[in-house]
Amino acid sequence: MRPTGPLHLGHLVGALDNWVKLQDTHDCYFAIVDWHALTTDYADPSGLRGFVREVALDWLAAGVDPERSTVFVQSEVKEHAELHLLLSMIVPLPWLERVPTYKEQQEQLREKDLNTYGFLGYPLLQAADILAYRPAAVPVGEDQVPHLELCREIARRFNHLYGEVFPEPQALLTKAPRLPGTDGRKMSKSYGNAIYLSDTTEEITAKVKPMVTDPARKRRSDPGNPDICPVFDLHRIFTPEGPREQCATGCRTAAIGCLDCKGVLLQHMLPPLAQIRERRQRYVDKPAEIVEILHEGSKRARKIAVATMTEVRDAIKLEP
């Protein structure tokens, strides 16, 4: 993940919940990719160090376990940069220009000057981040599959030129549920509609109570449609089937109001988020422990990356 700010519920249900489960079945490497943050925020990196710490706090609070997984910071493993440089020698420019998010983000972030190689080349750096560990699989959402396919193409090209060094990592597709923000749009820090993992019970309640609902339900007596209600998207994640179906029936028959429905959601949403916040606070109170976790994880990651780069240099005939 790029450290660009505090993590919200979208990160939790879209990635972190899955990562926590993968720890039971896979040898996992989780990287805070601070160099990637510079691809869009190079003009003001003043908050980057703090954001790295915030991401680490949120990961640990969500259940990422540094005893079972390797949790590290990208910039502490310099081999990522070396592999990125060497791969840049063999990757055709059109491969980078055709990545779907390249033009999309340029449109969305018009206030920033993104006419840089760093921004164009971030999928290549991403490929280096992956291939440095020669993994069998990478957990991704469907929107990230084109990035992983580029990584596989780069691995194939390297292997064709220099011999078999890299496996072609497969996608571990994550079915991320739709998670709306408080205004009904996709939850995003930039939209100002996010519920953060660090939010207090009071802050979460204050954000949920005025959430938009079915726009056709203008009065308490109007029946609603939970299938198009953003609040119900949160119900599907946090509320057990029984009370969730009661709310759905009450909505369709106007037997309950939207505030009643949100009250049921909060009953089931607040306790698990309180547990995450409590775990987070334990680490907030021990800042030196966060530094040590990231340092030790980066040392473990670097051992693997160093071994990979030894093979890469040997394949390219760079070793003396």
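Structure shown above.
In this text the structure is predicted, and so the values were computed from the model without any measurement.

Asker: Hey, could you run me through the environment of leucine 150 in this one?
Answerer: On the secondary structure map, leucine 150 appears in helix H9 (residues 145–162). Apart from residues lying up to four places away in sequence, leucine 150 is in contact with Trp95, Leu96, Val99 and Pro123.

Asker: Is there a simple way to explain the packing of aromatic side chains in this structure?
Answerer: The description of an aromatic ring pair rests on the distance of the ring centres and on the angle between the ring planes. Counted according to the given criterion, the structure contains 8 aromatic pairs. Where phenylalanine 72 meets tyrosine 133, the ring centres are 5.5 Å apart and the plane angle is 55 degrees; that geometry is what we call tilted. Of the two residues, phenylalanine 72 is situated in strand S2 (residues 70–73) and tyrosine 133 in the loop between helix H8 (122–131) and strand S3 (137–140); the sequence distance between them amounts to 61 residues. Put simply, the rings of Trp19, Phe30 and Trp59 pair up and form one aromatic cluster. Over the face of the ring belonging to tyrosine 191 we find arginine 185, whose NZ or CZ atom lies 4.1 Å from the ring centre. The ring of phenylalanine 51 is capped by lysine 189, whose NZ or CZ atom sits 5.8 Å from the centre of that ring.

Asker: Whenever I open this one, the pattern of salt bridges confuses me. Can you help?
Answerer: For the structure on display, the rule yields 21 salt bridges. As a salt-bridge pair, aspartate 65 and arginine 68 come within 3.5 Å of each other at their nearest N and O atoms. By relative accessible area, which is 23% here, aspartate 65 ends up partly exposed. Overlapping salt bridges bring together Arg53, Glu54, Asp58 and Arg280 as one network.

Definitions and limits used
- Residues numbered from 1 in each chain as written.
- Predicted model: local features only at pLDDT ≥ 70, side-chain atom pairs only at ≥ 80, totals over all residues.
- Heavy atoms only, no water.
- Helix = DSSP H or I, 4+ residues; strand = E, 2+ residues; numbered from the N terminus.
- Contact = heavy atoms within 4.5 Å.
- Phe/Tyr/Trp six-rings, centres within 6.5 Å; stacked < 30°, edge-to-face > 60°.
- Lys NZ or Arg CZ within 6 Å of the ring centre and 35° of its normal.
- Salt bridge = Lys/Arg side-chain N within 4 Å of Asp/Glu carboxyl O.
- Buried < 20%, exposed > 50% of the residue type's maximum accessible area, 1.4 Å probe, protein only.

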